[in-house]
Amino acid sequence: MSSLHRIRAHRTRLCDVSRQLSQLLSAWSWRRRVDVSLCSATGLHLRTYCSTSSEPDPLQVHRRKLFLWFSHLPQEEKQFGGYFSPETMHVDPLIVERKAEERAGLLSSPLQTQPLTSSSVSVEQLFETTDTWNEGRGVNVLLYGAVGTGKSTVVRKLVLDWCLGTGLTHFKLLVPFSCEDLSELSKVASLRDLVSRKYLHLRKHPLLSGEGNQAKDVLFLFNGMEKMKLDFRIGSTELCSDPNEALPPNVVVVNLLRKYLLPEASILVTTRLSAMDRIPQKYVSRYAQICGFNDPGRQRAYFTSRLLQQSGEAARDHEAQALIELLYLNLQRESQLAAACFLPSYCWLTCATLHFLHFTDAKAPIRTLTGIYTSFLRLNFGGEVLGTGAGTNVPLQGHNNSLMLYVVRTVGKMAFEGVTYKRTSFSEKELEQWIGGKTKTDEELHQLAMFRTDVLDFFLAPCVESGKHFPEALSENDEQRYVFAVPAMQEYLAALYVVLGENKSALEKLSKQMSVAIGQAGEDVNALFGILSKFIPLRIFAVFNLLKLFPKLYEKISSHNKGSIARTMATEMFRTEDSYNEDVLDQVEQSLLGVHGPQPQQHSEGPPFELYPIFMGGLLHYGNRVLLQQLGCSIQSTTVVQITRALRKHLVRELSKPQPPEEMMDLLVLLYEFQNPRLTAEVLASMRTIRLTNIRMTSLKCFVLSSVLSCTPTSYHLEELDLSSCLLTHDLLQTLWPAFRHTHNLNLQFNSLGPESCILLRDLLLDPKSSIRSLQLCDNPLLESGACTLLEALPENQSLRHLSLMHTGLGDWGALQLAERLQQHSGLQELNVAYNNIGDNAALALVDACREHPSIHTVHLYLNPLSDVGKQSLYVRGVPSSDGGSGQRVKVLASVTEGSDLSEDWHPILRVIRENALSWDRQRVQQQLKVFLRDLEWGRQQQQSLWKRLHFRRVEKGVRQTLKLLEKDPPPPPTGYRM
């Protein structure tokens, strides 16, 4: 036997050395690390040293399988791009050891954070021996925390570290259990059966035999103890010390905690605050509380691990780093976001939202803001039920036990009232009124106590930004007020409250109850109807018909309710007072990153709730309804159909009126969140123009626009798509390609499109599926090379009629190239090359080419350095000779005058200059305006008619006003293209 023990000890030491070698290799990339770790765990490349038999070591198999199970990321985590692993994205939350007497104070005021009196510890330190530790008995550690503090994440990281040999190394065996799974087992089973049911490879392992003190190397992990019914009373739970004796699962767990079964084994239990007292104090060795991220440093580390991914794209990493800096600045201000990010769950929500706002593109899977919030709630409340409190542990029956549904009916109701009356903060009295105000029975009181302890401060936090959107009547007293942890959560819960139909009137609620009762008896009524109709009087016969008719009456009332939901969505979507606020996506970003610089102008009196109708639409999407069904919140398909039908009518009616660009962007976001191609196509069929002027277009907004327009048939075309002054770049232009195919007039003025963008625009003009008639590229630095690339499309394009290249850096060479290629395109009618530093010779050549063109009737050449002689020659060249020469008349717009007469197009010339004067080179524009004044003064002196002189003075007045405007306003910072 001694030689056998020596062989086993030698084998163990060699395995330890081999494991250390694999850990050195683990410094490679994550994928490589996983491969190496799994190989070492299975004993493949170390089989010569670690194994003397054909069967692998069960403990190594256990490590490998646990590693695979706990490395799996939920679907919600994959939206970040998949560049990171469970280890690289983990940031340890603050864990503080508590004394037994300290834990009681936590339940007294769930909305208050208890001050930290102890230093932080790691989970591994909690299992170190102390003075109170008894030889031969394992340690029972109770790790507790509120919803969202990171209990499950800590458990996952703990298991992975043990699998890799970097944590809990003094335990040879780690056996994790989900208390939710154990609570579902209805058959009796022994401890070894429970282990082998989940971990077949440990079925006969000696560490679980109960012989000797082998169990001292075992750690049991029970996650989510609040989901089990544990009864430590001797009369209710029999004692058991045999690992092979079959008992109910809760009895097995109780005996493990009592140290009656495998007393040498250590146990780690995680639970919520409200369930702490379910384990008597004498069975707990140490208490530890997960306190989340209590400082901006931990929060920043978390944001960095999520947003700054090793994607290999320098531009993306640079943008992510800028986002992290802005986010960190906002956290340091002690903003409301910093209070919310105390919970790691809200750090996840913040990162997911920023990733959605800044890194959405055509290659990424379809994501919506509503989907992010729904996934966020599923991650935190999936499968959660609301029991009746300590001592009974009997869950409610039916769908009413859904914790999320309880949240909607309490916190959601308060959110809805806040949205209705434009309020974002609530006093403690109001919390009592909305949450538990109608509580009567002891069972409901237990539920309320659990809810307030575990869940309430997950959604609400003490307000740190006092005086913001508070009614004067409620701000007189200096009482503590509470707000939603993130503003958008109030709008989401309010939308969910409405869509679930929880805001029914008393008539609707009564109608539903009666309809259900009568409907259940409907089959019996129909069965008896055939027999009794031969004997009963006609008047009683009418009563039976009325009973049968009542469900149909309820359907009409219900249908009216769904129509009111759609009407509410449309009304909230197009509120006049919110029409000129920033678009809703910018508002979401500002709530996370803060406002750096001047505060945006607020046109509405109260806080804008523009996400509210958008969330209502997003919640009707099938994917979100599936997730909500898992949370116990059911939205019927018939409800969706009724709301959708009514919503289409209301949206079409509202879109008959002109909408500001911000409201138009919000509408596109609503249609995108809805993810209903048919509804989108029907709404867009009533639209012929989309104007998004001055909207700060991002990759997400461009993707939303393209996705929405892609829902329409190929025959659908907008008359105009206005994307002027939208900060468009070449990358954004690629995202917008599908949208460009659905427009006739494309306005891309005042953006940042360079020569590389002309390649894409050329391909767009050559695309047989596009039908661009007007292309406006004013104030984009296309330069000569870009313009020449664009002109390559002229020979094959047949749809273009108007081309504007004003202030694009065309130059003389570009103008000459344009003159050469004009004859290759027979459909062009108007050409604008103003403000392009074109001289006399190039301008004359271009006008000659336009005169020979079969369809061009107007060419714009003002604000170019043309001499007086050159201007006069242009006007002469624009008119075909009287001797029957070739060519047609071309209107040349070179100045406000034509010789000694006023140009008939002086007004549009001045309008264009006035609109763009502040963004152009002021010195250059002022110089040109002074030339206009000189021409006007000379022309006025040549006039004999008083009427014509007055007309000249009128034009002079307009030019002088523009000059004064340039001299009065300070020059803006150098942005965009200047020449």
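Residues numbered from 1 in each chain as written. Predicted model: local features only at pLDDT ≥ 70, side-chain atom pairs only at ≥ 80, totals over all residues. Heavy atoms only, no water.

Time to look at the environment of Glu 830. Structurally, the position occupied by Glu 830 is in strand 15 (residues 830–832). Accessibility expressed as a relative area gives 24% for Glu 830, which makes it partly exposed. Once the C-alpha coordinates of Glu 830 and Val 859 are considered, the two residues, 29 residues apart in sequence, prove to be 6.0 Å apart. Those residues in contact with Glu 830 that lie beyond four places of it in its chain are Arg 801, His 802, Leu 803, His 857, Thr 858 and His 860. Side chain to side chain, Glu 830 and His 802 meet in a polar contact 3.2 Å long. (Helix = DSSP H or I, 4+ residues; strand = E, 2+ residues; numbered from the N terminus. Buried < 20%, exposed > 50% of the residue type's maximum accessible area, 1.4 Å probe, protein only. Contact = heavy atoms within 4.5 Å. Polar contact = N/O pair within 3.5 Å; in protein donor to acceptor, adjacent residues only side chain to side chain.)

Another aspect to go through is helix 9 (residues 249–258). Where burial is concerned, most of helix 9 is hidden: nine out of the 10 residues are buried. Buried within helix 9 we find Pro 249, Val 251, Val 252, Val 253, Val 254, Asn 255, Leu 256, Leu 257 and Arg 258. Just beyond helix 9, the residue with positive phi is Lys 259, at close to 65 degrees.

If you walk across this open sheet you meet the eight strands as 10-11-12-13-14-15-16-17, and the pairing is parallel. Among the strands making up the open sheet, the edge pair consists of strand 10 (689–691) and strand 17 (891–893). Here the strands of the sheet are splayed against their neighbours by 10 degrees on average, with no regard to which way each runs. With three bridges connecting them, strand 10 and strand 11 (residues 718–722) associate as parallel partners. Following the sheet pairing, Ile 690 is matched in strand 11 by Leu 721. Running over the sheet, helix 34 (residues 840–852) touches strand 15, strand 16 (858–860) and strand 17 and is turned about 165 degrees from strand 16. (Pairing = 2+ DSSP bridges. Axes fitted to C-alpha atoms, helices over the stretch in contact; angles between N-to-C directions.)

On to the confidence of the model for the protein chain. Taken over all residues, the pLDDT of the protein chain has a mean of 79, while the share at 70 or more is 76%. Note that pLDDT drops below 50 for residues 388–400; the model gives that stretch 23 contacts with residues more than four away or on any other chain. Segment residues 505–525: pLDDT under 50, and 19 contacts once partners within four positions in sequence are set aside and those in other chains are kept. (pLDDT = per-residue confidence, 0-100.)

For the rest of this paragraph, the subject is empty space enclosed by the protein. Per the counting criterion, the structure on display carries four cavities of 30 Å³ or more. Volume-wise, the largest cavity comes out at about 60 Å³. In terms of lining, the largest cavity is formed by Leu 357, His 358, Leu 585, Asp 586, Glu 589, Arg 696, Thr 698, Leu 700 and Lys 701. The class makeup of the residues in the lining of the largest cavity is three nonpolar, two polar and four charged. (1 Å grid on protein atoms, 1.4 Å probe; cavity = no way out; pocket = protein on both sides within 12 Å on 5 of 7 lines; lining within 4 Å. Points joined across faces, edges and corners; volume = space filled by probe spheres on them. Nonpolar A, V, L, I, M, F, W, Y, C, P; charged D, E, K, R; others polar.)

This next bit is on helix 23 (residues 611–618). Residues lying three or four places apart along an α-helix face the same way, a consequence of the helix completing one turn every 3.6 residues. Here helix 23 lies mainly inside the structure; eight of its eight residues are buried. Among the residues of helix 23, Leu 611, Tyr 612, Pro 613, Ile 614, Phe 615, Met 616, Gly 617 and Gly 618 are the ones counted as buried.

Now for the side chain of Asn 255. In this fold, Asn 255 is placed in helix 9. Those residues within four positions of Asn 255 in sequence are excluded, and the remaining contacts are Thr 237, Glu 238, Leu 239, Cys 240, Tyr 260 and Leu 261.

A sheet is described by the order of its strands in space; here six strands give the open sequence 1-6-2-5-4-3, paired in mixed fashion. Two strands in the sheet have a free side with no partner beyond their single neighbour: strand 1 (94–98) and strand 3 (173–178). Across this sheet, the average inter-strand angle for adjacent strands is 20 degrees, counted without regard to direction. Running over the sheet, helix 8 (residues 191–198) touches strand 3 and strand 4 (218–223) and is turned about 85 degrees from strand 3.

Here the focus is the pairing of strand 3. Burial within strand 3 is extensive, with five of its six residues counted as buried. Sheet topology places strand 3 next to strand 4; six bridges connect them, and they run parallel. Looking at the pairing, Ser 178 lines up with Asn 223 of strand 4.

So, about the pairing of strand 11. Judged by how many residues are buried, strand 11 sits mostly within the fold: four of five residues are covered. Where strand 11 lies against strand 12 (residues 743–747), four bridges are found, and the strand directions are parallel. Of the residues in strand 12, the one forming a bridge with Leu 721 is Leu 746.

One pass over the structure, following the stated rule, counts 23 aromatic pairs. Measuring from centroid to centroid gives 5.1 Å for Phe 458 and Phe 459, while their planes differ by 85 degrees, and the two rings are edge-to-face. Note on Phe 458: relative accessible area 1%, which makes it buried. When the ring of Tyr 492 is compared with that of Phe 615, the centres are 5.3 Å apart and the planes differ by 80 degrees; the resulting orientation is edge-to-face. Highlighted residues: Tyr 492 in helix 18 (residues 487–499) and Phe 615 in helix 23, separated in sequence by 123 residues. The class of Tyr 492 is buried, set by a relative accessible area of 0%. Take Phe 615: its relative accessible area is 0%, and that puts it in the buried class. Ring pairs connect the aromatic residues Tyr 346, Trp 348, Phe 376, Phe 381, Phe 458 and Phe 459, which therefore count as one cluster. (Phe/Tyr/Trp six-rings, centres within 6.5 Å; stacked < 30°, edge-to-face > 60°.)

At their nearest, the axes of helix 37 (residues 922–941) and helix 38 (residues 946–968) sit 10 Å apart, and the two run at 165 degrees to each other. Of the possible angle classes, the one that applies to helix 37 and helix 38 is roughly antiparallel. As for how helix 37 packs across helix 38, the hand of that crossing is left-handed. On helix 38, the residues touching Arg 922, Val 925, Gln 926, Leu 929, Lys 930, Phe 932, Leu 933, Leu 936, Glu 937, Gly 939 and Arg 940 of helix 37 are Arg 949, Phe 952, Arg 953, Val 955, Glu 956, Val 959, Arg 960, Thr 962, Leu 963, Leu 966 and Glu 967. (Parallel < 35°, antiparallel > 145°, perpendicular 65-115°, else oblique. Left-handed = near helix turned anticlockwise from the far one by under 90°.)

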